[in-house]
Amino acid sequence: MTPFQQEVYCALSLIPNGCVTTYGEIARHLGTKAVRAVGTAVGKNPNAPVVPCHRVVPSSGKIGNYSGEGGVATKIRLLKEEGIDVTDGKIVAYRQHHFTFEDLDDVL
DNA sequence: TACATGACTATCC
DNA sequence: GGGATAGCCATGT
């Protein structure tokens, strides 16, 4: 476990239920631009049940990938369970569910 | 130390 | 909006 991964998992745990965020947002919250590194860290995901890694999607509004049980299919199911509808591998009303860490500060 | 790889993003057609 | 290309940083060999 690298310190970088801990930062990533910590950020993931901040994502509220029923919301999704992008790798870019996470990277920005961590004060870095290493979105690829974030993806790598999340991909490892040694904290599978501890961290809601399924709430992380690419900026394209699609599902992206998932290394857990069942892969993307499970990721989609989990999101639906949280009230986020997914169709054809794409998130419905993606921008509506999109969460940014700025929201935690109530700055908006 | 150097090179290759990856759950990505931005830019250009 | 969607495919191709380049840039990016952390990790592992």
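Residues numbered from 1 in each chain as written. Chains lettered and ligands numbered in written order. Predicted model: local features only at pLDDT ≥ 70, side-chain atom pairs only at ≥ 80, totals over all residues. Heavy atoms only, no water.

Q: Would you take a moment to explain the side chain of Lys75 for this structure?
A: Mapped onto the secondary structure, Lys75 falls in helix α4 (residues 72–81). Although Lys75 is buried, it makes no salt bridge; Glu82 carries the closest opposite charge, 11 Å away. For Lys75, the residues in contact, after removing those within four places along its chain, are Tyr23, His54, Val56, Val57, Ile63, Asn65 and Tyr66. (Helix = DSSP H or I, 4+ residues; strand = E, 2+ residues; numbered from the N terminus. Buried < 20%, exposed > 50% of the residue type's maximum accessible area, 1.4 Å probe, protein only. Lys, Arg positive; Asp, Glu negative; His and termini not counted. Salt bridge = Lys/Arg side-chain N within 4 Å of Asp/Glu carboxyl O. Contact = heavy atoms within 4.5 Å.)

Q: Help me out: how do you make sense of the protein's contact with DNA strand C in this one?
A: Around DNA strand C, a shell composed of Thr2, Phe4, Ala34, Arg36, Ala37 and Lys44 is seen. Across the atoms of DNA strand C situated within 4 Å of the protein, the share located in sugar and phosphate is 70%. With respect to DNA strand C, the side chain of Arg36 contributes an N or O atom lying 3.1 Å from a base oxygen. When residues in the surface near DNA strand C are grouped by element, the largest group, 3 residues, is from helix α3 (residues 35–44). Grouping the amino acids of the surface near DNA strand C by side-chain chemistry returns 3 nonpolar, 1 polar and 2 charged. (Near = heavy atom within 4 Å. Polar contact = N/O pair within 3.5 Å; in protein donor to acceptor, adjacent residues only side chain to side chain. Nonpolar A, V, L, I, M, F, W, Y, C, P; charged D, E, K, R; others polar.)

Q: In this structure, what is going on with the environment of Ile76? I would like to understand it.
A: Relative to the helices and strands, Ile76 is located in helix α4. Taking the C-alpha atoms as reference, Ile76 lies 9.6 Å from Arg55; in sequence the two are 21 residues apart.

Q: Honestly, α4 in this entry has me stumped. Any pointers?
A: Since there are 3.6 residues in each turn of an α-helix, residues three or four apart along the chain are aligned in direction. Among the residues of α4, Thr74, Lys75, Ile76 and Leu79 are the ones counted as buried. The inward-facing, buried residues of α4 contact α2 (23–29), β2 (56–57) and β3 (86–87). Within two residues after α4, Gly83 carries a phi angle of roughly 95°, on the positive side.

Q: Just to check I follow, could you spell out the protein's contact with DNA strand B for this structure?
A: Close to DNA strand B lie 18 residues; Tyr23, Arg36, Gly43, Ser59 and Asn65 are nearest. When the atoms of DNA strand B within 4 Å of the protein are grouped by moiety, sugar and phosphate amount to 40% of the total. In the model, a base nitrogen of DNA strand B is placed 2.6 Å from a nitrogen or oxygen of the Arg36 side chain. In the model, a base nitrogen of DNA strand B is placed 3.1 Å from a nitrogen or oxygen of the Gly43 main chain. Counting only elements with at least two residues in the surface near DNA strand B, the list comes to α2 and α3. Element by element, the count of residues in the surface near DNA strand B is highest for α3, at 7 residues. The residue inventory of the surface near DNA strand B, partitioned by class, reads 7 nonpolar, 9 polar and 2 charged.

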